[in-house]
Protein chains: 2
Amino acid sequence: MATLVTSKKGRTEVKKQAKKQSKKKFVYFFGNGKAEGKADMKQLLGGKGANLCEMTNLGIPVPAGFTITTEVCDLYYKNNKNWPAGLEGEIREHLARLEKAMGAKLGDRNAPLLVSVRSGAAVSMPGMMDTVLNLGLNSDVVQGIIIKTENERFAWDSYRRFIQMFGDVVMGVEHEAFEHILAAKKKQVGALQDMNLSAADLKDIVRQYKKIYKDHTGEEFPQDPIEQLFKAINAVFGSWNNPRALKYRELNSIKGLIGTAVNVQSMVFGNMGETSGTGVCFSRDPSTGENVFYGEYLINAQGEDVVAGIRTPKPLGVLKKDMPVVYKELVGYRDKLEDHYRDMQDMEFTIQEGKLYILQTRSGKRTAKAAVRIACDFVREKVINEREAVLRVQPKQLDQLLHPTFDPKVKKKKIAKGLPASPGAASGEVVFTAEHAEELAKKGTKVILVREETSPEDIAGMNAAQGILTARGGMTSHAAVVARGMGKCCVAGVSELEIDYDQKLFKAGGAEVREGDWISLDGSLGEVYLGQVKTAEPQLDQDFDRMMKWADKYRKIGVRTNADTPHDAQVARKFGAEGIGLCRTEHMFFEADRIIAMREMILAETTEDREKALGKLLPIQRRDFEGIFVAMDGLPVTVRLLDPPLHEFLPQEEESQQEMAKVMGVSCEVIRHKVHLLNEFNPMLGHRGCRLGITYPEIYEMQVRAIVEAALSVKRKGVTVHPEIMIPLVGTLREFTFLKERSLKVIEQIFAEKKDKVSYSIGTMIEVPRAALVADEIAREAEFFSYGTNDLTQMTYGFSRDDAAVFLEHYLALEIIDRDPFQSIDTVGVGKLMKMGIEAGRKTRPNLKVGICGEQGGDPDSVSFCNSVGMNYVSCSPYRVPIARLAAAQASLRQKK
Amino acid sequence: MATLVTSKKGRTEVKKQAKKQSKKKFVYFFGNGKAEGKADMKQLLGGKGANLCEMTNLGIPVPAGFTITTEVCDLYYKNNKNWPAGLEGEIREHLARLEKAMGAKLGDRNAPLLVSVRSGAAVSMPGMMDTVLNLGLNSDVVQGIIIKTENERFAWDSYRRFIQMFGDVVMGVEHEAFEHILAAKKKQVGALQDMNLSAADLKDIVRQYKKIYKDHTGEEFPQDPIEQLFKAINAVFGSWNNPRALKYRELNSIKGLIGTAVNVQSMVFGNMGETSGTGVCFSRDPSTGENVFYGEYLINAQGEDVVAGIRTPKPLGVLKKDMPVVYKELVGYRDKLEDHYRDMQDMEFTIQEGKLYILQTRSGKRTAKAAVRIACDFVREKVINEREAVLRVQPKQLDQLLHPTFDPKVKKKKIAKGLPASPGAASGEVVFTAEHAEELAKKGTKVILVREETSPEDIAGMNAAQGILTARGGMTSHAAVVARGMGKCCVAGVSELEIDYDQKLFKAGGAEVREGDWISLDGSLGEVYLGQVKTAEPQLDQDFDRMMKWADKYRKIGVRTNADTPHDAQVARKFGAEGIGLCRTEHMFFEADRIIAMREMILAETTEDREKALGKLLPIQRRDFEGIFVAMDGLPVTVRLLDPPLHEFLPQEEESQQEMAKVMGVSCEVIRHKVHLLNEFNPMLGHRGCRLGITYPEIYEMQVRAIVEAALSVKRKGVTVHPEIMIPLVGTLREFTFLKERSLKVIEQIFAEKKDKVSYSIGTMIEVPRAALVADEIAREAEFFSYGTNDLTQMTYGFSRDDAAVFLEHYLALEIIDRDPFQSIDTVGVGKLMKMGIEAGRKTRPNLKVGICGEQGGDPDSVSFCNSVGMNYVSCSPYRVPIARLAAAQASLRQKK
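None of the values given here were measured: they were computed from a predicted structure.

1. A look at the overall build of chain A
(1) Moving on: Along chain A, the regular secondary structure elements total 35 helices and 32 strands.
(2) Moving on: Within chain A, buried positions represent 59% of all 897 residues.
(3) Moving on: Across chain A, the fraction of contacts at a sequence separation of at least 24, relative to all contacts at a separation of at least 6, is 69%.
(4) Moving on: Here chain A displays about 37000 Å² of accessible surface, and carbon together with sulfur accounts for 49% of that area.
(5) Moving on: On chain A, the mean spot of the 124 positive side-chain charges and the mean spot of the 120 negative ones are 7 Å from each other.

In structure tokens, the structure reads:
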């Protein structure tokens, strides 16, 4: 178990902040427009305490209160859980100030003051420590509240909640004991929900709660509010070191704190009649970003009533008519807070008997569209500069802008949840085979392809479908990778999906879905819905373009794309890609005319036969490359030579094998035998990548020829081209040298044949851990490195991305890992290896170009990591290019800070 | 392409050696019992030149000659391939000395001198550079030789060979041109072999060779021996930088040499009548090591006649009678050379007209038995000390002593070759299933189990068989690992093996072998023979024990064993194991009574059901551990918790699944479904090791309980026990902590239950690359590390050991890698990671115990590496323990040097 860690730095800061006061001060007051602390005193007052002071000093009407410093918490522990001398006096003194400020008194039934007692450390630890609300209630005060609010039910319910919370938090009475009574009462009176209980029911519950309290603690429930208060303060101190909080600090590496502050703040009530009310508001429209005051409120209500949805809140405009003075005041605070915090604010307010209180303000959550618009507006309004604007939009959010979305207001029937493998929204009829998907799509039917998992043979069908749903495979499974490349919605690894191909149906979430039924997928959430849900197409506006331009201005690291076709290349270029970082050649082999030649190549028994088959593939590959080079005119294109094991190109099922036998004019036995021979226990670690290139050099020679001939051919047409030939899966210098030498021979031969040249480079992927370890050697010959972080992560962790979903789910739930390392680079382990590789490589070749082409290349945190280790570029699927551009700019701006 | 690298050190050394002479000396003479150089002048004279000087100075009658220094070679290249001034004069001067010493003259038909011209650099580069023999022959001299030898055929054959060699080596005439003429002549006269050609035939060939020479070079074949000599010297200089030699130096990292020396030495002939002869001899018996002079010779013969096997050589004893003076002289040289080189010598000698010449001496190759005996004898004779004796035996050779062997004299019919997966020799009847093997073995039949590959289900059958033969899988495949553990002979990965289980036969090397036919396996060579070959059982003598005792005295690193049963543990302990470094618990689950409970556990749908099944396994495991702890009384035992994926415990074939369904009382569908669910794309990177322990904590909890209860139980019987609980496949600290915490809870509970304690430790395997990268973190909690280099190598290279054989074969042939990294640790890549991990781990925990339990733990080079990086112990299969002990001692002694 971790123990409390305090750092020198934390203590020094506290002392400095405390020193400013002439004598040691334990308690800081805020209220009536003045506070004794300010925002930069977080170490001493905690985040919440410092912010309450800050707002108070701004003239915002925050309910008054006081903060007991973090230093007191430290002393409390050092002093064997006793208060330091003088603390009690200071608390009583500040309580008196508070009572005066609020015109109410703790325990006074005529002017009752209720307070909240909350924790608040210098670093936010949401939900980890304890809170007590409604403190001050007792059998006497509850009567006063009834009179004040004219709401007997509310008063008893508040009292009941207070006893439960106090009993649980302060005295350690298991809350099940209270829940049990509540449940019994509901059963007794036939109430389905808490709100069906009457005032009398609640009053009876209070009676029973008090008994429970006594049974468990041996004492009566304290009627003295001061006793309540002191006990609650100690409970908050105690919660600083509860196992949950310790674990949270350990997991989040929160160190150097000396304790929590305790905030005692008066509670205000919006349910004290028709001059009271409560509401939430945004300083701008959080959905569109428009600069209009936006919000809703309820008269004579508590905050929870707004959430509960029993009464319909009114739009803020109505308040202008209902309470014009209050409204005007609110608008003033809105302006003040937005000006002060220089961001769109999400505020909670309560009106108690005509007096407006602001309970909380924070930067408001917003849609991507709003985020971009607000940031641009702020720049136009000269509130922030471009740099700040770039930092204001979460890169991942941009996905919303680039893909179709469902209308969030439409009710959907969710039947399953899987991995959000490729963002976007799609509806279509269910089909179970790629062929069927193609067939129906040709007729204009929208389809969703549902498969156990997909394989390269399914690509055409995936392309024809609106979206893809798989039962197996992770975020970097075939389905996920290909779908992201296509910008197509995909939900993967839905383990509860039971597909019955024979019956042409699947079961999930109690539903049975048959071929032809409509379903809808949200690829951003990983959710599957029954039926058709309307989608909205994405629209990119001028503010988006502006934001992207700023991003490009401030980022240092390049952004390329992973694209295998001219179409993908064009899409990516439109999104701002500065080249292709990964062009996979194998996908090109699956189309009808190619797969036959590819299979002839695989079945060939001699080098001659293999070369003959490769001869058929050469012109096809050359044409593909020409198209890509033209689309990327002026930009570099990295082409990876054949990577997957050959068995991926052969059919695994009996039926398809027979078909193939017929087409190729050989016996099915020949094919079965070849499939058997190529079968591997662990194909990921098998005969693939440069290992194929070395055992069958003629394959890579054909590919190099296709690349260079294509480059020369488009060059003649005026296209500027710089092919980068990339050898995959290299683990030793000699593998690379062997293939580089052969490639150079082919290239020189072509240059001689064509009497023309073109600039090119030859580099390698770093995806086998060993490559990173011996990067200094490999860089002697390799002109560039591209980190294949999918494989590198697989091998460094020993996690097969196709199989790991089963236990990664557990790992995430148990917090064994914080994030799926296939989504975001594991900077501690895999990242260390990457850093070593870059440093070693550049030691040998100082100008070594280094990029990343793994899936994580489009993940903002990973982009930031790649920026920090000095990579030249990241490469990601076309639809993630804008995300990467923004993330790169933010990384660069944050690094400067 | 690599370029010539010369290091400062090399040059300095040459200058120093050259400086000893007052004037720059290009040529060094040796002959007549005196030489101008000595053994330590290798840099200047090359290895061969320096040794010829050394032997001459010892008074050994070496044929006289002279050496042109490596410095001349350097000058030759610097001087645009011209001789330095003065060289020609020095050569002529030394030639004259040589002629005088030999009483013969170059080109003199009455007293013809023939010489050899050979390369010789400071570091041996066998076969990489050029040699010319019989130089000095021309149309005139050949007649003199005929007279001298009275052997016309020999004279013409020598001349023919000289023309061919000179033409090829010196003038670059393709040797195919010569071979073509030879072949045509043989066809013409109906000769099957060269030796069937008559003197006349050879004379005619000489005529044709000369024509070829002229056709290709445009010159007549040179008749002037001086011209021959000078050209040959230049050819040797030229060969220093031929592509073969450059590549060899690059691959072997030979740097710092400035060139080759050239040795011109007189040739002597053993075929000059009945007072001439030739032979080879060993200073001691190379087979038994006995101190007797051993060898054979032929009168009136050339060296090649001894090898050709046409005439049967006579044992050396006969020479004693035939030529007593020569024999006595030879015995004197034998003693002198053995004394000087302090090792058993293998000498070649020639008697020319009654005069004895020693052509070569070197340390003699010997059997393991002889190596041990000779080393021990030398210590007894005070020739060497114990340290040197330990260094004299090759650790790998010991395998011969520990396993049965075939009589090397028996002729065998080899039908296939695979990997030498587990050493030893075995004969038996072919069976194709493990069950059948068990059945027949019970009846006393000796069987060889032949399988495509083996799986854990086959273990009992493997144990029953004499040897195992598989068609697939590498040196660390299941078959190989298990066989080595059992000390059983195994040949694995014989790719040419075509097994037909249905027909119960296999085909290989043109033979068809049916069930019941006898075959024999040599597991040390990886060879398969037809029929029964007699084997000899190993016998360990006192000298072996002595050698092992010395090894233990000088080694620093501990040697443990990988053992899963009490029997294996006993065997290993007998061989000197100091504990168990790896006890795999999974093998324990395969026996009949256990597999059912194991399968119940796997089929369990709830934690309760799983715990019930585990409850059945607990007493069984406990008994197993008790047996092992007793066998290892006083020594540490590292137990690895369950590692393999669960599907390994379920039958994959329909038939076995049905059987299992019957036994378990469930439907076959249930089993099929479970097998399907557990099926993985890459099981090596899947749900196994600690990942299983985390998803099903109750499995490891049961195992920890079994280990600790067993330890307490044997402790009560007076056994000293220290269990080390090892968690496999850890990649992150949190995985380890999660499982350690749970284990501690179980252990504390047992201690409380039993009111007794036992010392133990909890550590982890380092086998996932990430574990080595974050070893500093993991060492915070782990008390020991054990490197699982099988998995670590798999993941660091990205090579599946079950699949890599296909391309590793190519890799070795193409010299992409020098060695199979699964046999010997890849020190550059995997080793770097290991070193990092040890250093990082010890930074956190300075006394961290580190070992290795991968297959390489028994490989001498890997033992040396483990010693150099400061490991505490290596662990290997029982039969490799003596090898590891000796290798460890050598590593330690070499490190001291």
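2. With respect to the relation of the copies chain A and chain B
(1) Moving on: Least-squares fitting of chain A to chain B yields an RMSD of 0.1 Å, with the superposition described by an axial translation of 0.0 Å and a rotation of 180°. Seen this way, the second copy is the image of the first under a two-fold rotation axis. Taking C-alpha positions as the reference, the residue of chain A nearest the rotation axis is asparagine 682 of chain A, at 2.2 Å.
(2) Moving on: Interface residue correspondence from chain A to chain B reaches 100%, placing this contact among same-surface, isologous pairings.

3. Digging into the packing of helix 7 (residues 175–189) of chain A against helix 8 (residues 199–217) of chain A
Residue and element names in this part refer to chain A.
(1) Moving on: Direction vectors running N to C along helix 7 and helix 8 enclose 150°, while the axes themselves pass 10 Å from each other. With respect to each other, helix 7 and helix 8 are oriented roughly antiparallel. Every pair of crossing elements has a handedness; the one defined by helix 7 and helix 8 is right-handed. Counted together, Ala177, Phe178, Ile181, Leu182, Lys185 and Val189 of helix 7 and Asp201, Asp204, Ile205, Gln208, Tyr209, Ile212 and His216 of helix 8 form the full contact between these two elements.
(2) Moving on: Of the residues contributing to the contact of helix 7 with helix 8, the split by class is eight nonpolar, two polar and three charged.

4. Regarding the pattern of salt bridges
Where charged atoms from two side chains of opposite charge approach closely, those side chains can pair.
(1) Moving on: What the rule picks out here adds up to 124 salt bridges over all chains.
(2) Moving on: Residues lysine 231 of chain A and glutamate 219 of chain A are paired through a salt bridge, measuring 3.4 Å at the closest nitrogen-oxygen approach. Taken together, the residues span a long stretch of sequence, with lysine 231 of chain A in helix 9 (residues 225–239) and glutamate 219 of chain A in the loop between helix 8 and helix 9 at a distance of 12 residues.
(3) Moving on: The partly exposed category is assigned to lysine 231 of chain A, whose relative accessible area is 24%.
(4) Moving on: Across the salt bridge formed by arginine 362 of chain B and aspartate 346 of chain B, the nearest N and O atoms sit 3.5 Å from each other. Highlighted residues: arginine 362 of chain B in strand 11 (residues 355–363) and aspartate 346 of chain B in strand 10 (residues 345–352), separated in sequence by 16 residues.
(5) Moving on: Classification of arginine 362 of chain B as partly exposed rests on a relative accessible area of 41%.
(6) Moving on: Take aspartate 346 of chain B: its relative accessible area is 13%, and that puts it in the buried class.
(7) Moving on: Taken together, the shared-partner salt bridges in this structure form one network comprising Arg373, Asp377, Arg380, Asp543 and Arg546 of chain A.

5. Comments concerning the pairing of strand 16 (residues 447–451) of chain B
All names here are of chain B.
(1) Moving on: Burial runs high along strand 16: five of the five residues are buried.
(2) Moving on: In terms of strand pairing, strand 15 (residues 425–431) meets strand 16 through three bridges, oriented parallel. Paired with valine 430 across the bridge in strand 16 is isoleucine 448.
(3) Moving on: Once the chain exits strand 15 it traverses helix 17 (residues 434–442) before rejoining the sheet at strand 16, and the crossover so formed is right-handed.
(4) Moving on: Two strands pair when backbone bridges link them, and strand 16 and strand 17 (residues 467–470) are joined in this way by four bridges, in the parallel orientation. Looking at the pairing, valine 450 lines up with leucine 469 of strand 17.
(5) Moving on: Handedness of the β-α-β unit built from strand 16, helix 18 (residues 459–464) and strand 17 comes out right-handed.

Scoring rules and cut-offs
- Residues numbered from 1 in each chain as written.
- Chains lettered and ligands numbered in written order.
- Predicted model: local features only at pLDDT ≥ 70, side-chain atom pairs only at ≥ 80, totals over all residues.
- Heavy atoms only, no water.
- Helix = DSSP H or I, 4+ residues; strand = E, 2+ residues; numbered from the N terminus.
- Buried < 20%, exposed > 50% of the residue type's maximum accessible area, 1.4 Å probe, protein only.
- Contact = heavy atoms within 4.5 Å.
- Areas by Shrake-Rupley, 256 points an atom, 1.4 Å probe, with all protein chains shown as cover.
- Lys, Arg positive; Asp, Glu negative; His and termini not counted.
- Charge placed at Lys NZ, Arg CZ, Asp CG, Glu CD.
- Least-squares fit on C-alpha atoms with pLDDT ≥ 70 in both.
- Axes fitted to C-alpha atoms, helices over the stretch in contact; angles between N-to-C directions.
- Parallel < 35°, antiparallel > 145°, perpendicular 65-115°, else oblique.
- Left-handed = near helix turned anticlockwise from the far one by under 90°.
- Nonpolar A, V, L, I, M, F, W, Y, C, P; charged D, E, K, R; others polar.
- Salt bridge = Lys/Arg side-chain N within 4 Å of Asp/Glu carboxyl O.
- Pairing = 2+ DSSP bridges.
- Right-handed = clockwise from strand over helix to strand, strands pointing away.

In short, shape yes, function no, at least from these values alone.
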